[in-house]
Amino acid sequence: MKLIDGKTLASGMRREIAAGVAKLKAEKGVVPGLAVILVGDNPASVSYVTAKEKACEEAGMRSEEIRLPAETTEEELTGIVRRLNGDVSIHGILVQLPVPKHIREKAVIDAISPEKDVDGFTPENIGKMMIGDECFLPCTPHGIIKLIEFSGTEIAGRHAVVIGRSNIVGKPVAALLARKEANATVTLCHTGTPDIAHFTRQADIVVVAAGRPGTLTGGMLKPGATVIDVGVNRVPDPSRPKGYRIVGDADFESCAGVAGAITPVPGGVGPMTITMLLWNTLESAKRAAAR
Ligand code: GUN
């Protein structure tokens, strides 16, 4: 069994991105700028945005941190997004999801200019992804494709099973795996699938993004399968200093005994999500510099 080390792949790519940032700065005088907006103080979201801001600065980019109280209204939030749409020093706008319940996620995403949508969440970018036009690809799905390639797993002609149909991961990763470039046969399982194991047992590649620990166990896998675990779940653990530990959606022990390759949690998909965000932000700044 091979551990797919997302940190190693991410650090190599981040060096390349940092070199691209330095080149853009030297040749065009442009420093890529990313605005990171967090509404409220959900602990997981706080740790994600902190990691994103740190990675941004380590790559030589500028990050503008915008922390807003949980009571912020939809109008206030979309107003801030619109101001950032018109700010030439900002090339990427990220609103960390989920937003508080009184704010419509769709209204927020719709407010982001597709040209600065480095998360790849706007209908314009998702539509372009579906028809194969140039666009910002959503970060976690794009990072997953890079990880599968990095693991040495052949994708073309293989059967990939995705568990979870979120707009952020499940649906777009299924679309990317099915594109001509990847050329997998794809099955998308979700909470309405009566017997998920029936499908995963036939899978060469399983991407599990269900948001629930223990969704995938070793008994559900074909021997030698490649497993990409997108889950980030906090489970109570009094033996840890913080009182919890992070586990994925796959039961690591049992899956590792059957899989050919598997991503750890943490240290698998997470570092790649952030890396692809940096990639998109650099790309956006390059496009702005060329205009
Ligand atoms: N919440 C969970 N994943 C993501 C992500 O990739 N981007 C944003 N903006 N919010 C998220």
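Overview of the structure. Because the structure is a prediction, the values reported are computed rather than measured.

## A short note on the site of the ligand
Inspection of the region around the ligand gives Lys-52, Leu-94, Val-95, Gln-96, Leu-97, Asp-119 and Phe-121 as its neighbouring residues. At 2.9 Å, a backbone N or O of Val-95 approaches a nitrogen atom of the ligand. Asp-119 places a side-chain nitrogen or oxygen 2.7 Å from a nitrogen atom of the ligand. When the ligand is considered free in solution it has 280 Å² of accessible area, and contact with the protein chains removes 85% of it. Classifying every residue of the shell around the ligand gives 4 nonpolar, 1 polar and 2 charged.

## Observations regarding helix 2 (residues 43–58)
Over its 16 residues, helix 2 runs 23 Å from end to end, which matches the ideal 22 Å to within 8%, given 1.5 Å per residue. Contacts from the buried residues of helix 2 go to helix 1 (6–28), strand 2 (33–39), strand 3 (62–68), strand 4 (92–95) and helix 10 (269–290). The backbone nitrogen of Ala-44 has a side-chain oxygen 3.0 Å away, supplied by the residue at the start of helix 2, namely Asn-42. A positive backbone phi angle near 90 degrees is found at Gly-60, which sits one or two residues after helix 2.

## Some points on unusual backbone geometry
With glycine set apart, most residues show a phi of negative sign, and most peptide bonds adopt trans. The linkage connecting Leu-97 with the following residue, Pro-98, adopts the cis geometry, with an omega of 0 degrees. For Asn-183, which is not glycine, the phi dihedral falls at a positive 65 degrees. Tracing the backbone through its elements, the reader meets Asn-183 in the loop between helix 7 (170–178) and strand 6 (185–189). On the basis of relative accessibility, which here comes to 38%, the residue Asn-183 falls in the partly exposed class.

## Some remarks on the sheet that holds strand 5 (residues 159–163)
Strand order in the open sheet formed by 6 strands is 1-11-8-7-5-6, and the pairing between neighbours is parallel. Every other strand in the sheet has two partners, leaving strand 1 (2–3) and strand 6 as the edge strands with one partner each. Where strand 8 (residues 226–229) lies against strand 11 (residues 261–262), 2 bridges are found, and the strand directions are parallel. Directly across from Thr-226, in strand 11, lies its bridge partner Ala-261. Relative to strand 6, helix 7 is tilted by about 165 degrees, and along the sheet it contacts strand 5, strand 6 and strand 7 (205–208).

## As for the side chain of Lys-52
Among the structural elements, Lys-52 can be located in helix 2. Of the side chains with opposite charge, Asp-119 comes closest to the buried, unpaired Lys-52, at an N-O distance of 5.0 Å.

Thresholds, definitions, all that
- Residues numbered from 1 in each chain as written.
- Predicted model: local features only at pLDDT ≥ 70, side-chain atom pairs only at ≥ 80, totals over all residues.
- Heavy atoms only, no water.
- Near = heavy atom within 4 Å.
- Polar contact = N/O pair within 3.5 Å; in protein donor to acceptor, adjacent residues only side chain to side chain.
- Areas by Shrake-Rupley, 256 points an atom, 1.4 Å probe, with all protein chains shown as cover.
- Nonpolar A, V, L, I, M, F, W, Y, C, P; charged D, E, K, R; others polar.
- Helix = DSSP H or I, 4+ residues; strand = E, 2+ residues; numbered from the N terminus.
- Expected span 1.5 Å × (residues − 1).
- Contact = heavy atoms within 4.5 Å.
- Buried < 20%, exposed > 50% of the residue type's maximum accessible area, 1.4 Å probe, protein only.
- Pairing = 2+ DSSP bridges.
- Axes fitted to C-alpha atoms, helices over the stretch in contact; angles between N-to-C directions.
- Lys, Arg positive; Asp, Glu negative; His and termini not counted.
- Salt bridge = Lys/Arg side-chain N within 4 Å of Asp/Glu carboxyl O.

The values are spatial; any link to function lies outside them.
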